[in-house]
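# Secondary and tertiary structure notes
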Amino acid sequence: MASFDYDLFVIGGGSGGVRSGRLAAAMGKKVAIAEEFRYGGTCVIRGCVPKKLYVYASQFAEHFEDAEGFGWAVGESTFDWKKLVAAKDKEITRLEGLYQKGLANAGAEILHTRAELTGPNTIKLLDSGRTVTAERIVIAVGGHPTPHDALPGNELCISSNEAFDLPELPKSIVIAGGGYIAVEFANIFHGLGVETTLIYRGKEILSRFDQDMRRGLHAAMEQKGIRILCEDLIQSVTRNADGRLVAETMKHGALTADQVMLALGRVPNTKGLGLEAAGVAVNERGAIIIDAFSRTSAPGVYALGDVTDRVQLTPVAIHEAMCFIETEYKGNPTSPDHDLIATAVFSQPEIGTVGLSEDAAAKKFDDLEIYRAEFRPMKATLSARSEKTIMKLIVNATDRKVLGAHILGHEAGEMAQLLAITLKAGCTKDDFDRTMAVHPTASEELVTMYNPSYRIRNGERQ
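The notes below deal with the structure included here. Note that this is a predicted model, so its numbers are computed, not measured. (Residues numbered from 1 in each chain as written. Predicted model: local features only at pLDDT ≥ 70, side-chain atom pairs only at ≥ 80, totals over all residues. Heavy atoms only, no water.)

Turning our eyes to something else, we now look at the sheet that holds strand β13 (residues 254-257). Pairing is antiparallel in the open sheet, where 3 strands are placed in the order β11-β12-β13. Both outer strands of the open sheet, β11 (234-239) and β13, are each paired with one neighbouring strand and no more. If you compare each strand with its neighbour and ignore which way they point, the axes differ by 20 degrees on average. Two elements, strand β12 (residues 245-249) and β13, share 4 bridges in a ladder whose sense is antiparallel. Across the sheet, the residue bridging to Ala247 is Leu255, located in β13. (Pairing = 2+ DSSP bridges. Helix = DSSP H or I, 4+ residues; strand = E, 2+ residues; numbered from the N terminus. Axes fitted to C-alpha atoms, helices over the stretch in contact; angles between N-to-C directions.)

Moving on, we come to the packing of aromatic side chains. Applying the stated criterion across every chain, the model contains 9 aromatic pairs. On the basis of an interplanar angle of 65 degrees and a centroid distance of 5.3 Å, the ring pair of Phe164 and Phe185 is categorised as edge-to-face. Note that Phe164 is positioned in the loop between α5 (160-163) and β8 (172-176) and Phe185 in helix α6 (residues 180-191), a separation of 21 residues in sequence. With respect to class, Phe164 is no different from Phe185; both count as buried. (Phe/Tyr/Trp six-rings, centres within 6.5 Å; stacked < 30°, edge-to-face > 60°. Buried < 20%, exposed > 50% of the residue type's maximum accessible area, 1.4 Å probe, protein only.)

The subject of this paragraph is the pairing of strand β10 (residues 227-230). Note that strand β9 (residues 195-200) and β10 share 4 bridges and pair parallel. Opposite Leu198, over in β10, you have Ile228 as the bridge partner. Tracing the backbone out of β9, into helix α7 (residues 211-224) and back to the parallel element β10 gives a crossover that is right-handed. (Right-handed = clockwise from strand over helix to strand, strands pointing away.)

Turning to the environment of Thr256, a few remarks are in order. Assignment of secondary structure puts Thr256 in strand β13. As a C-alpha pair, Thr256 and Leu245 span 11 residues in sequence and 5.6 Å in three-dimensional space. Setting aside its immediate chain neighbours within four residues, Thr256 contacts Ser172, Asn240, Arg244, Leu245 and Val246. (Contact = heavy atoms within 4.5 Å.)

The next subject is unusual backbone geometry. The omega torsion across Gln348 and Pro349 is 10 degrees, close enough to zero to call that bond cis. A positive phi angle, close to 65 degrees, is found at Ser294, a residue other than glycine. In this structure, Ser294 sits in the loop between α8 (275-278) and β16 (301-303). Here Ser294 falls in the buried class, since its relative accessible area comes to 1%. Positive phi outside glycine occurs at Ala384, with the angle close to 65 degrees.

On to the packing of helix α1 (residues 15-26) against helix α4 (residues 81-106), then. Taken N-terminus to C-terminus, the directions of α1 and α4 make an angle of 20 degrees; their axes are 8 Å apart at the nearest point. As summarised for this structure, α1 and α4 are arranged roughly parallel, according to the angle between their axes. α1 and α4 meet at a crossing whose hand is left-handed. Here Ser15, Val18, Gly21, Arg22, Ala25 and Ala26 of α1 lie close against α4, whose contacting residues are Tyr99, Gly102, Leu103 and Ala106. Class assignment for the residues of the contact of α1 with α4 results in 6 nonpolar, 3 polar and 1 charged. (Parallel < 35°, antiparallel > 145°, perpendicular 65-115°, else oblique. Left-handed = near helix turned anticlockwise from the far one by under 90°. Nonpolar A, V, L, I, M, F, W, Y, C, P; charged D, E, K, R; others polar.)

This next bit is on the packing of α1 against helix α9 (residues 314-329). A packed helix pair is summarised by two numbers, namely the angle formed by the two axes and the spacing between the axes. At a closest axis distance of 8 Å, the pairing of α1 and α9 adopts a crossing angle of 30 degrees. On the basis of the axis angle, α1 is roughly parallel to α9. By crossing handedness, the relation of α1 to α9 is classed as right-handed. Facing Ser15, Gly16, Arg19, Ser20, Leu23 and Ala24 of α1, the residues of α9 in contact are Thr314, Ala317, Ile318, Ala321, Met322, Phe324, Ile325 and Tyr329. A per-class count over the contact of α1 with α9 returns 9 nonpolar, 4 polar and 1 charged.

By the criterion of burial, strand β19 (residues 367-375) is predominantly enclosed, with 7 of the 9 residues buried. Pairing of β19 with strand β22 (residues 454-457) involves 4 bridges; the strand directions are antiparallel. Directly across from Ile370, in β22, lies its bridge partner Tyr454. Two elements, β19 and strand β20 (residues 389-396), share 8 bridges in a ladder whose sense is antiparallel. Looking at β20, one finds that Arg372 is bridged to Lys392.

Here we come to the nonpolar core. Residues Ile175, Phe189, Leu198, Ile205, Met221 and Met261 are the most contacted members of the largest nonpolar core, which totals 39 residues. Taken together, the elements giving at least two residues each to this core come down to α3 (48-69), α4, β8, α6, β9, α7, β10 and β17 (343-345). Not counting the four nearest positions on each side in its chain, Leu198 is found in contact with Ile175, Gly177, Ala182, Val183, Ala186, Ile205, Met221, Arg227, Ile228 and Leu229. Formed by 23 residues, the second largest nonpolar core is a distinct cluster that contains Ile11, Ala34, Ala134 and Val280. (Core = buried A, V, L, I, M, F, W, Y, C linked by side-chain atoms within 4.5 Å.)

Have a look at this one:
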């Protein structure tokens with residue numbers, strides 16, 4: 001019987017890697033985990049957590065304005081970018097410590113080094129040059145922003161990684177992209193007082209979301225003062241004599257700004273990882289190819305999270321890690337369930353969504369009922385803010401099952417989490433109708449839309 005240095009070696013200290021390593025170590029397995037940067041991964045260090053903190057920071061300007069309508073006299077306010085960055089750093093350092101503490105308490109060996117595969121069961125630790133062996137190896141190294149090397153002047157641009165730690169808050173910024181990251185940062189920077197332009201090659205932002213959510217958010221962002229240029233792209237970036245950046249676009253000429261941010265997707269961190277030496281196959285994007293149980297083409301090697309390019313969300317990586325533990329160490333083969341994943345865009349207003357969009361449902365079902373409500377939220381009545389909330393349910397008319405739920409409005413992400421349970425349970429529109437409303441709330445609209453706004457039969461709106 002082969003002898004190994006470790007039962008499990010994890011490469012990558014993000015959410016998926018830490019969860020798999022901690023759970024295995026807690027079961028008494030000999031575990032080591034290696035991270036070359038900081039424990040916590042994309043989510044904690046340069047993703048979800050700092051982003052949400054910056055979202056909160058960017059909302060206060062509107063809160064101060066709204067307060068006046070409720071009788072408050074708010075004096076002059078100022079914003080200190082460096083203070084926000086320092087507070088963010090303190091919080092992510094605290095969280096990083098908790099990640100490492102959890103691993104240490106479970107008995108895992110924590111390594112601060114880059115680790116690369118040299119064979120099916122062997123790993124080289126680059127800080128020392130030492131080679132170790134493991135019966136099982138989990139690769140959970142995540143991804144990084146696409147650098148867009150083909151763009152002349154890309155080296156002058158920043159990505160979401162650098163956006164959190166700029167030495168100074170820019171007076172103006174151009175953001176290229178139309179997905180989660182681009183849209184969220186456009187709202188963050190605008191909320192902090194930055195003149196913001198969003199440029200996207202598609203016809204509408206957030207291509208994978210329901211059309212009503214996309215159009216509603218687009219209108220709300222433009223109403224706030226964010227400039228959105230669709231069906232256009234940046235062709236080059238240069239620096240002018242004043243030290244500012246000039247983004248030459250295909251349709252809108254030159255855009256001059258203090259910063260240009262590229263938010264054009266993410267790619268897996270597989271380059272130079274030694275995958276070929278271990279016999280681990282990747283696809284054309286460099287993502288590790290896995291089966292339904294996260295197994296790669298190399299025996300004993302597994303991959304979790306963004307490096308597989310399945311669903312790039314932190315809770316998904318954690319779920320996949322738990323399924324790996326069930327399958328490999330508990331004798332309970334469990335395949336990750338990627339169906340009906342709720343998600344949120346922390347824009348302003350937010351989008352919260354789960355299930356099929358109207359367009360996607362129309363391609364799969366012959367007869368749909370669409371329930372849609374658009375209204376001014378109660379908070380906006382006294383603040384005199386004009387933004388609208390949109391709620392939408394997609395229902396299969398044949399069996400009344402709710403196929404999708406979509407919300408644009410305050411706390412939409414919170415509502416989407418609860419709706420995910422409902423849709424996962426297979427609830428029907430009749431179940432919604434039987435549910436008593438909580439009044440006065442925005443979410444009561446979800447259970448008081450008794451009559452369909454329209455129907456879609458065989459792809460045609462009725």
